[in-house]
Structure formats: structure tokens, C-alpha cells
Amino acid sequence: MAIGRTFPIRQRVRLGLALLVITVAAACSATFNNHGYVPPEEELAAILPGVDTRESVESSVGRPAASGVIRDEAWFYADYRVRNFAYRAPEIIERNIVAISFDDAGVVQNIERFGLEDGQVVPLSRRVTETSVQEITLLRQILQNFGRINVADALGGDN
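What you see is a predicted model; the values in this text were computed from it and never measured.

Conventions we followed
- Residues numbered from 1 in each chain as written.
- Predicted model: local features only at pLDDT ≥ 70, side-chain atom pairs only at ≥ 80, totals over all residues.
- Heavy atoms only, no water.
- Salt bridge = Lys/Arg side-chain N within 4 Å of Asp/Glu carboxyl O.
- Helix = DSSP H or I, 4+ residues; strand = E, 2+ residues; numbered from the N terminus.
- Buried < 20%, exposed > 50% of the residue type's maximum accessible area, 1.4 Å probe, protein only.
- Core = buried A, V, L, I, M, F, W, Y, C linked by side-chain atoms within 4.5 Å.
- Contact = heavy atoms within 4.5 Å.
- Pairing = 2+ DSSP bridges.

Help me understand the pattern of salt bridges in this model?
Opposite charge on two side chains permits pairing when their charged atoms draw close. Per the stated rule, a full pass over the model turns up two salt bridges. Where Arg 113 meets Glu 41, a salt bridge forms, and the shortest distance between an N and an O atom there is 2.9 Å. You can see Arg 113 sitting in strand β5 (residues 108-115) and its partner Glu 41 sitting in helix α2 (residues 41-45), a full 72 residues away along the chain. Residue class for Glu 41 comes out partly exposed when judged on its relative accessible area of 45%. Its salt-bridge partner being Glu 91, residue Arg 83 comes within 2.8 Å of it at the nearest N-O pair. A relative accessible area of 29% places Arg 83 in the partly exposed class.

Here's what the structure looks like:
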């Protein structure tokens, strides 16, 4: 064996194939993203319905990113975990929602917890309003207007 001898072609091919397999395996592995915030269970247990107010909830667990849609009668804390896998669409694999509802005086009424299994799939329908307008091309509109043009009115003449 000579010093400084290079790898034979067979070993280079094996090394290249091994690197290719590792790269493909790493590219196809799932990645996970976490979004949102739900206060820890210990902090939620410290909130007492009928006693705590919006201000005390805000000071103990913080203000949420979402509140009631029409009125500020509830605060919603939500977090979810999304799995991204290669070319597939992202999939929500875990969701937690905590809803803290308040009465008119701002006192906590209830604390509810919802998970992914509590959600309902809402089918979206595409509603299209029918129209009585016919599809007329630009060229057809221009040609139809030739007979309607009064040259004297267009030029501002009073003849």
C-alpha cells in the first residue's frame, strides 16, 4: 500500500450513496411547529369562578390573544401543534383551548377546556349568486354602441 493513495471508485460510490440515503431520509422526516399559549394547569386552578375578575385573571395568567367576538364576555387561550411532512398539507395533531367566561360585572363565571376531539368540522360551501347579465365581450359592447352615438351631442353642438 502506498502512502497518499486515494479511495477506490467503489468506496466513493458507496460513500456517495450513503450520503444520498441520509439526505433523503432527513428531508422526508416530519417537522413540528407549536403555536399559541395556554396557561399552565396550576395557574388556571388558582382562578376561582365567582371571585376573580378580569383584572385578577389578567395579572395572574395574562391577557389572551383572542376574546369574545361581539362582546368581551369570554377570553380564549389556544395552542396547537402542527405536523409538516414532506409534500403533504400541514396537519394539526394537537389543540387545546381554554375559555374563561365573565358575567356583566366582569367576574369569572366559568373555565372550560376543549381539545382537538371536541372540535367540529364545518363544511364550507361556495355560494354563487346567479346573475341575469349575459357575458358580452368588449368588442361586442363597442360595436353595439356605434348606433347610439349622436355626433352633435358628443361634439357639444346645439344644431
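More follows now that the structure is in view.
Is there a simple way to explain the nonpolar core in this structure?
One broad trend across soluble globular proteins is that nonpolar side chains are buried collectively. Of all hydrophobic cores here, the largest spans 11 residues; its members are Leu 44, Ile 47, Val 57, Val 61, Trp 75, Tyr 77, Val 98, Ile 100, Phe 102, Val 108 and Ile 111. For this core, the elements supplying multiple residues, two or more each, are α3 (54-61), β3 (74-84), β4 (91-102) and β5. For this core, the leading source of residues is β4, giving three residues. When neighbours within four sequence positions are excluded, Leu 44 is seen to be in contact with Pro 39, Val 98, Ile 100, Ile 111 and Arg 113.

What is the right way to read the environment of Ala 99 from this model?
Locating Ala 99 in the fold gives a position in strand β4. In this structure, the C-alpha to C-alpha distance between Ala 99 and Pro 64, residues 35 residues apart in sequence, is 10.0 Å. Residues within four places of Ala 99 in sequence aside, it is in contact with Trp 75, Phe 76, Asn 110, Ile 111, Glu 112 and Phe 114.

Which parts of the structure should I look at to understand the pairing of β3?
Consecutive side chains of a regular strand alternate in pointing toward one face of the sheet and then the other. Inspection of the sheet shows strand β1 (residues 31-36) paired to β3 by six bridges, in the antiparallel sense. Looking at the pairing, Asn 33 lines up with Val 82 of β3. Relative to β4, β3 is paired through 10 bridges, and the arrangement is antiparallel. From the neighbouring strand, Phe 76 faces β4, where its bridge partner is Ala 99. Between the end of β3 and the start of β4, which pair antiparallel, lie six residues, with Ala 86 showing a positive phi angle near 50°.

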